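Topology and contacts: notes
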Amino acid sequence: MSDGGPVPGPDGRPRCPWGLSTDDYLAYHDTEWGRPVHGDDALFERLCLEAFQSGLSWITILRRREGFRRAFDGFRIASVAGFTDDDRERLLADEGIIRNRAKIDATLANARLLAEWSPGELDTLIWSYAPDTAGRPAPRTIADVPAVTDESAALAKDLKKKGLRFIGPTTAYALMQACGLVDDHLDGCAARGRPEPVSPGPRRS
């Protein structure tokens, strides 16, 4: 029985236990989670998906991600900011996403707000809360991985102060984990310390 530390996967490589629970998680764990994400639109997508995940399991969102991308036009901020009441009704009827009225309304409101920001402003703000990794030990077991940190609480407070909705300290920390601001792969996990190249900067159209 695992003590909460890394577990050998089907290829023998050790991974975080959650990454071996489903094939979807395996791919997400190995290729995305904890890798640096940059660009306003890309970070907007992660913000939205983390908000939709609130109260649900991440696998529920992960398996609907392509549906979300189709419904929200690839999470392009400029496009979503222009969604109309008809688009809102379309989203509320879309079985390919989570049809939560409050979360949909928050997504549309956040896009309209962010469309007024300067290109790169969201990226800069979020990454300004990346903690100093010096002296931050790698978690050895899943019990060592926090749900909230001082940095995530400060990030959530800043985003909310600027008018963004449906973002709290726990959601902010999940975003930080997913987007590589922190590396919470366990000590000994094969995916730890392997950041992929940073994605292109913000693109508005």
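Quantities reported herein were computed from a predicted structural model and do not represent experimental measurements.

**A word on the packing of aromatic side chains**
Counted by the stated rule, this structure contains ten aromatic pairs. Residues Phe72 and Phe75 carry aromatic rings whose centres are separated by 5.4 Å and whose planes lie at 20 degrees to one another, so their mutual orientation is stacked. Taking 6.4 Å as the distance between ring centres and 10 degrees as the angle between the ring planes, the aromatic pair formed by Phe72 and Phe83 counts as stacked. Highlighted residues: Phe72 in the loop between α4 (65-71) and α5 (77-81) and Phe83 in the loop between α5 and α6 (85-92), separated in sequence by eleven residues. For the pair formed by Phe72 and Phe83, the shared burial category is buried. Here a set of aromatic residues connected by ring pairs shows up, and it is made of Phe44, Phe52, Phe68, Phe72, Phe75 and Phe83.

**Regarding the pattern of salt bridges**
Scanning all chains against the criterion turns up 16 salt bridges. For the salt bridge of Arg63 with Asp24, the shortest nitrogen-to-oxygen distance reads 3.1 Å. Taken together, the residues Arg63 in the loop between α3 (58-62) and α4 and Asp24 in helix α1 (residues 23-31) connect sequence positions 39 residues apart. In this structure, the salt-bridge partner of Glu66 is Arg69, at a minimum N-O distance of 2.8 Å. Highlighted residues: Glu66 and Arg69, both in helix α4, separated by three residues, approximately one helical turn. One network of salt bridges, with partners in common, ties together Asp11, Arg13, Arg15 and Asp30.

**Remarks on the UniProt feature "binding site: Zn(2+)" (unreviewed entry) in the protein**
Listed under "binding site: Zn(2+)" (unreviewed entry) in the UniProt record, and renumbered for this structure, are Cys16, His29, His185 and Cys189. A maximum C-alpha distance of 10.3 Å among these annotated residues, which run over 174 residues, shows that they cluster at one spot. The topology assignment puts His29 in helix α1. With a relative accessible area of 0%, His29 lands in the buried category.

**A few points about the packing of helix α2 (residues 40-53) against helix α10 (residues 169-178)**
Direction vectors running N to C along α2 and α10 enclose 135 degrees, while the axes themselves pass 10 Å from each other. What the angle tells us is that α2 and α10 run oblique. Between α2 and α10 lies a crossing whose hand is right-handed. Seen from α2, the contacting residues are Leu43, Arg46, Leu47, Glu50 and Ala51; seen from α10, they are Thr171, Ala174, Leu175 and Ala178. Looking at the contact of α2 with α10 residue by residue, the class counts come to six nonpolar, one polar and two charged.

What counts and what doesn't
- Residues numbered from 1 in each chain as written.
- Predicted model: local features only at pLDDT ≥ 70, side-chain atom pairs only at ≥ 80, totals over all residues.
- Heavy atoms only, no water.
- Phe/Tyr/Trp six-rings, centres within 6.5 Å; stacked < 30°, edge-to-face > 60°.
- Helix = DSSP H or I, 4+ residues; strand = E, 2+ residues; numbered from the N terminus.
- Buried < 20%, exposed > 50% of the residue type's maximum accessible area, 1.4 Å probe, protein only.
- Salt bridge = Lys/Arg side-chain N within 4 Å of Asp/Glu carboxyl O.
- UniProt positions renumbered as here; feature names shortened; annotations may be inferred.
- Axes fitted to C-alpha atoms, helices over the stretch in contact; angles between N-to-C directions.
- Parallel < 35°, antiparallel > 145°, perpendicular 65-115°, else oblique.
- Left-handed = near helix turned anticlockwise from the far one by under 90°.
- Contact = heavy atoms within 4.5 Å.
- Nonpolar A, V, L, I, M, F, W, Y, C, P; charged D, E, K, R; others polar.

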